[in-house]
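Breakdown of the fold
Listed here are the chains, written in short residue letters.
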Amino acid sequence: MASSELATAPNMKRSPTSPRTLFSSVMTVVTFACAALALIPLVAVLSYVLINGASSLRLDVFTQLPPAPGLKGGGFGNALVGTLLTVGIASVLSIPFGVMAAIFLAEFYRDTKLAETINFLTNVLSGVPSIVIGAFAYALVVLSTGTFSAVAGGFALAVLMLPTIVRTATEALESVPGDFRQAAIGLGATRFQTTLRIVLPAALPAIITGVILAIARAAGETAPILFTASTSRYWVRSIWEPTATMSRLVFDFATAPYERQQELAWAGSLVLVTLVLATSILSRWIVRKR
Amino acid sequence: MAPELQNARKTDTVFRTENLNIYYGDFLAVRDITIEIHKNKITAFIGPSGCGKSTVLRCFNRLNDLIQSFHMDGKLFYRDQDLYAAEIDPVEVRRQIGMVFQKPNPFPKSIYDNIAFGPRLLGYKGDMDELVERSLKQAALWDDVKDKLKEMGTDLSGGQQQRLCIARAIAVQPDVILMDEPCSSLDPISTLKVEDLLQELKEKYTILIVTHNMQQASRASDRTAFFNVEANAKGQRTGYIVEYDRTEVIFQSPQEQATQAYVSGRFG
Ligand SMILES: Nc1ncnc2c1ncn2[C@@H]1O[C@H](COP(=O)(O)OP(=O)(O)OP(=O)(O)O)[C@@H](O)[C@H]1O
Ligand SMILES: [Mg+2]
């Protein structure tokens, strides 16, 4: 019978009381608790914003200008447009530069001193507090053009986005297997053709993900916007004048002593969170599609 | 293509090397390679692992240029032109001398685009559909894939991928095809298919093939070079060619003891 054969086999049954099993169970519970604890702030913030923001979120907040202090109604249509505009300018400035820099780092100067140095500087840049980047953009753009503007805000956000884009794009390019490069070169492609036609397409989904995450982060930033785009109570007419943005609006209205302004701050927060969440989900979806 | 390379196609010896010494940094990987490769023949490189077969093979289309520590002395002539002369463009060289790698490496693109990639690079003006079909037929893959040319090349089986890579190499109509262990990741049936393919291809192309498979070398090749490796005074393991002759000679009546031992499977 089987039992007599098993008698000589090593014992492989579970023993729930052995120290090893006990330790493992305890650790499972502890890690689970820590994970749950870490989730609490996230859930709290999201639900708080949702509860407070949803009640005053009506269609006309997207189409109207902010109300004068003490008045009812109004919205943040201009700030929404302003956010899209500054982030758009930031993207136009940072994406081509960032991706091109990554191509040089990963494809043409890989493992050189120059690449190492630039990588290091990129990491330093990503650690610079965003308020400092705002101050830099203020000094460089606002002072030289003599006005707060969407361009100044966009420039500040571009500097903020750059390290993320460079880093994610470099990693994306480096993770493309060398086999593809060898195959293309072996067929008589130049380095440049290999990069453009083989490596870049293969890395594109990952690059797009990095870019979208950088955009999402930039859209929510307030500090570099405060004294570059500044704010405005009117619709955008030019990229060279002070421009309202969502994050600045939330900053101003949340602390205002008027009930309607505070409502709008919550609604604005909800819109911002949704924007950021939606872009993150979009980027995941792009990766998944591969 | 460069006109001087075009004219060069006429002679009968395709490659001729004189005392090639190949280094990676200070390391002498292969020494004293003097060999002639004949037109429309299949030449096999055999020998133990690490003896420098791939290293020598990659010199013939200047693929070693991609390795920073690589350098070489001696002469390598492709149809009487010094391939390493300063005025030679390695990109043009690789258009004449195609390569199939050990691991099938189709691009993450459709089957069609995999084949069309090379011709497009060269600015091919003819009928691309026809060229794709012809290349796939030559590589004995057409029947497998004719209904799914739009599907990813990377979704094919390993053996099909390797034939796709061969078709891709043929599509640019090279003069020579270098193959580095093209069957090492294939099952026996795919391997036989590739070998049959080689026999057809040699009508039009000159083929150099590295293989670890003795039967393959004896079945499929016309000439065989046996490489071996020896530690020198500095303790570096340097490869060299022990014997190079017609394949029957190498397998049936080799001059050297070591060759005899290797081809009969009694080695080291
Ligand atoms: N890129 C490289 N950098 C430094 N050394 C290398 C490089 N490629 C190969 N070598 C060395 O050169 C020698 C010959 O290698 P090679 O790959 O040519 O051998 P091989 O005969 O093809 O072996 P295998 O049959 O295992 O493929 C080995 O000692 C190897 O370690
Ligand atoms: Mg090898």
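Our subject is the structure listed above.
Just so we're clear, the structure is a prediction, and the values are computed from it rather than from any experiment.

1. Details of a negative patch on the surface
Residue and element names in this part refer to chain A. Residues Asp-111, Glu-116, Glu-171 and Glu-174 make up a contiguous surface patch of negative charge. Mapped onto the elements, Glu-116 comes out in helix H4 (residues 113-127). Looking at Glu-116, the relative accessible area reads 51%, which means it is exposed.

2. Observations concerning the pattern of salt bridges
On inspection of all chains with the given rule, the structure shows 21 salt bridges over all chains. With its nearest N and O atoms 3.7 Å apart, the salt bridge here joins A:Arg217 to A:Glu221. By relative accessible area, which is 14% here, A:Glu221 ends up buried. Of the charged contacts, one joins B:Glu133 and B:Lys137 as a salt bridge, the two residues approaching to 2.6 Å between their closest N and O atoms. Remark: B:Lys137 and B:Glu133 occur in helix H5 (residues 128-138); sequence separation between them is four residues, near one turn of the helix. Under the relative-accessibility criterion, B:Lys137 is labelled partly exposed at 46%. Residues joined in a network through salt bridges with shared partners are B:Arg16, B:Glu18 and B:Asp80.

3. Points about the nonpolar core
Formed by 44 residues in total, the largest nonpolar core has its most connected members in B:Ile46, B:Leu136, B:Ile166 and B:Met179. A total of six residues in this core trace back to one element, the largest contributor, which is helix H7 (residues 158-171) of chain B.

4. Here's the deal with the interface of chain B and chain A
With 21 residues of chain B in contact, the opposing surface of chain A contributes 15 residues. Our count for the contact surface shared by chain B and chain A stands at one salt bridge. There are four residue pairs in polar contact (both at pLDDT 80 or more) connecting chain B and chain A. Residue assignment for the side of chain B that touches chain A shows that the elements contributing at least two residues are helix H3 (90-96), strand E7 (97-100), helix H4 (111-121) and H7 of chain B. Looking at side-chain class alone, the side of chain B that touches chain A contains 13 nonpolar, two polar and six charged residues.

5. A short note on the packing of H5(B) against H7(B)
All names here are of chain B. Two numbers describe how H5 lies on H7: the axes approach to 8 Å, and their chain directions differ by 125 degrees. Taken as axis vectors, H5 and H7 run oblique relative to one another. As H5 packs across H7, the resulting crossing turns out to be right-handed. Residues Leu-131, Ser-135, Leu-136 and Gln-138 of H5 touch H7, and the partners they reach there are Leu-164, Ala-167, Ile-170 and Ala-171. Looking at side-chain class alone, the contact of H5 with H7 contains six nonpolar, two polar and no charged residues.

6. Some remarks on the pairing of E7(B)
Two faces belong to every sheet, and in a regular strand the side chains alternate between them. All names here are of chain B. Side-chain alternation along E7 places Ile-97 and Met-99 on one buried face and Gly-98 and Val-100 on a second face that is also buried. Both E7 and strand E8 (residues 176-180) contribute to a ladder of four bridges, which runs parallel. Along E8, the bridge assignment pairs Met-99 with Leu-178.

Definitions and limits used
- Residues numbered from 1 in each chain as written.
- Chains lettered and ligands numbered in written order.
- Predicted model: local features only at pLDDT ≥ 70, side-chain atom pairs only at ≥ 80, totals over all residues.
- Heavy atoms only, no water.
- Patch = residues over 30% accessible without salt bridge, like charges linked within 9 Å, V, L, I, M, F, W, Y side chains within 5 Å.
- Areas by Shrake-Rupley, 256 points an atom, 1.4 Å probe, with all protein chains shown as cover.
- Salt bridge = Lys/Arg side-chain N within 4 Å of Asp/Glu carboxyl O.
- Lys, Arg positive; Asp, Glu negative; His and termini not counted.
- Charge placed at Lys NZ, Arg CZ, Asp CG, Glu CD.
- Helix = DSSP H or I, 4+ residues; strand = E, 2+ residues; numbered from the N terminus.
- Buried < 20%, exposed > 50% of the residue type's maximum accessible area, 1.4 Å probe, protein only.
- Core = buried A, V, L, I, M, F, W, Y, C linked by side-chain atoms within 4.5 Å.
- Contact = heavy atoms within 4.5 Å.
- Polar contact = N/O pair within 3.5 Å; in protein donor to acceptor, adjacent residues only side chain to side chain.
- Nonpolar A, V, L, I, M, F, W, Y, C, P; charged D, E, K, R; others polar.
- Axes fitted to C-alpha atoms, helices over the stretch in contact; angles between N-to-C directions.
- Parallel < 35°, antiparallel > 145°, perpendicular 65-115°, else oblique.
- Left-handed = near helix turned anticlockwise from the far one by under 90°.
- Pairing = 2+ DSSP bridges.

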